[in-house]
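# Breakdown of the fold
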Amino acid sequence: MTLPLTPRSLEFAHVWRDYRPHAASWMNSVMVHALVLTALILPFTGKRLPQSSTLNRPASSWERVSIYLPRLAGNALRTGGGGGGGQRSPTPASRGPIPRFSETPLAPPSATIPNLKPVMPVQPNLLGPSKMALPEMSMLGPWGDPHGVIGPYSNGPGTDGGIGEGSDGGVGPGKGRGYGPGPDAGCCGGPYGVGSGVSAPIPLYRPEPAYSETARKAKYQGIVDLWIVVDARGNVSHVRIAKPLGMGLDEKAVETVRTWRFKPGYRNGAPVPVRLMVEIMFRLF
């Protein structure tokens, strides 16, 4: 049965006609949904595509010269150097702990106590960073050389106060007010670490290492970490691989870093050997 057309029905027919689907609207909707779906999926897609323009020119570059301070017990800073002393005793230095370090020591340690009732007691210290902590250290005496002998208290055959076989008011076989076989101050011999009055060497000549053929063909990249010692003349006197990379790049890094030249590190106005870690970055441009 067909309903008669009235003015009211014609009005509604006109309204619903405006909302009939159009071909252009359907195409726009499909495109919008496709773009939204692509934006949601794209971050989770597979591997990144290599940029061929960056893989055809092998090169290498050092990233930075990083100062790493070697650590001793108690997370203390190692400064290198050392010290020694004694009182020309015919007996070797007696075994015992060492006192704490101080930047301004007032008195050297002594295994013997000449005055049991001093007018003004002074705490003995060794010259070095006050934050340095060693297993051989103690708050209380009697002091001694940790490598000394068990026996009567003795400051040892060294000179100029202190304890040991060295000189200058420290402890040990060195020459200085520190502890150990090195000179001047601090501890444990060997090269200095940067800090506590020791300046960092400044690179003057640092050519880049060449890429090994094996690494270049494999498009291999990464970082080689090297421990080096810059001597008092600014030359690299020792190189040790701390973090290898492989594929011949370690050897290239060591070979090249040995040719580097520095303005040496200084302590008290004099050049001294300094230990550094350097990071060599190999990358393909």
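Residues numbered from 1 in each chain as written. Predicted model: local features only at pLDDT ≥ 70, side-chain atom pairs only at ≥ 80, totals over all residues. Heavy atoms only, no water.

This part takes up the overall build of the protein. Within the protein, the regular secondary structure consists of four helices and 16 strands. Per-residue burial over the protein gives 38% buried out of 285 residues. Sequence separation of 24 or more characterises 75% of the internal contacts of the protein that already satisfy a separation of 6 or more. Just so you have it, the protein exposes about 17,400 Å², and 61% of that area is on carbon and sulfur atoms. (Helix = DSSP H or I, 4+ residues; strand = E, 2+ residues; numbered from the N terminus. Buried < 20%, exposed > 50% of the residue type's maximum accessible area, 1.4 Å probe, protein only. Contact = heavy atoms within 4.5 Å. Areas by Shrake-Rupley, 256 points an atom, 1.4 Å probe, with all protein chains shown as cover.)

Moving on, we come to the packing of aromatic side chains. What the rule picks out here adds up to two aromatic pairs. Measuring from ring centre to ring centre gives 5.6 Å for Tyr211 and Phe282, while their planes differ by 85°; the resulting arrangement is edge-to-face. With Tyr211 in the loop between β10 (202-205) and α3 (213-217) and Phe282 in strand β16 (residues 274-284), this residue pair connects regions lying 71 residues apart in the sequence. A ring pair is formed by Trp260 and Phe262, whose centres lie 6.3 Å apart and whose planes are at 50°; its orientation type is tilted. Here the two residues Trp260 and Phe262 agree in accessibility, since each one is buried. Residue placement shows Arg275 over the ring face of Trp227; its charged tip is 4.1 Å from the ring centre. (Phe/Tyr/Trp six-rings, centres within 6.5 Å; stacked < 30°, edge-to-face > 60°. Lys NZ or Arg CZ within 6 Å of the ring centre and 35° of its normal.)

Another aspect to go through is the confidence of the model for the protein. On average, residues of the protein carry a pLDDT of 78, and 71% of them reach 70 or more. In the predicted structure, residues 44-77 sits below a pLDDT of 50 and forms 72 contacts with residues beyond four places in sequence or in another chain. (pLDDT = per-residue confidence, 0-100.)

All chains considered together, the criterion is met by two salt bridges. With its nearest N and O atoms 3.3 Å apart, the salt bridge here joins Lys175 to Asp168. Note that Arg216 and Glu213 form a salt bridge whose closest N and O atoms lie 2.3 Å from each other. In this pair, Arg216 and Glu213 both sit in helix α3, three residues apart, roughly one turn of the helix. Overall, Glu213 belongs to the partly exposed group, its relative accessible area being 42%. (Salt bridge = Lys/Arg side-chain N within 4 Å of Asp/Glu carboxyl O.)

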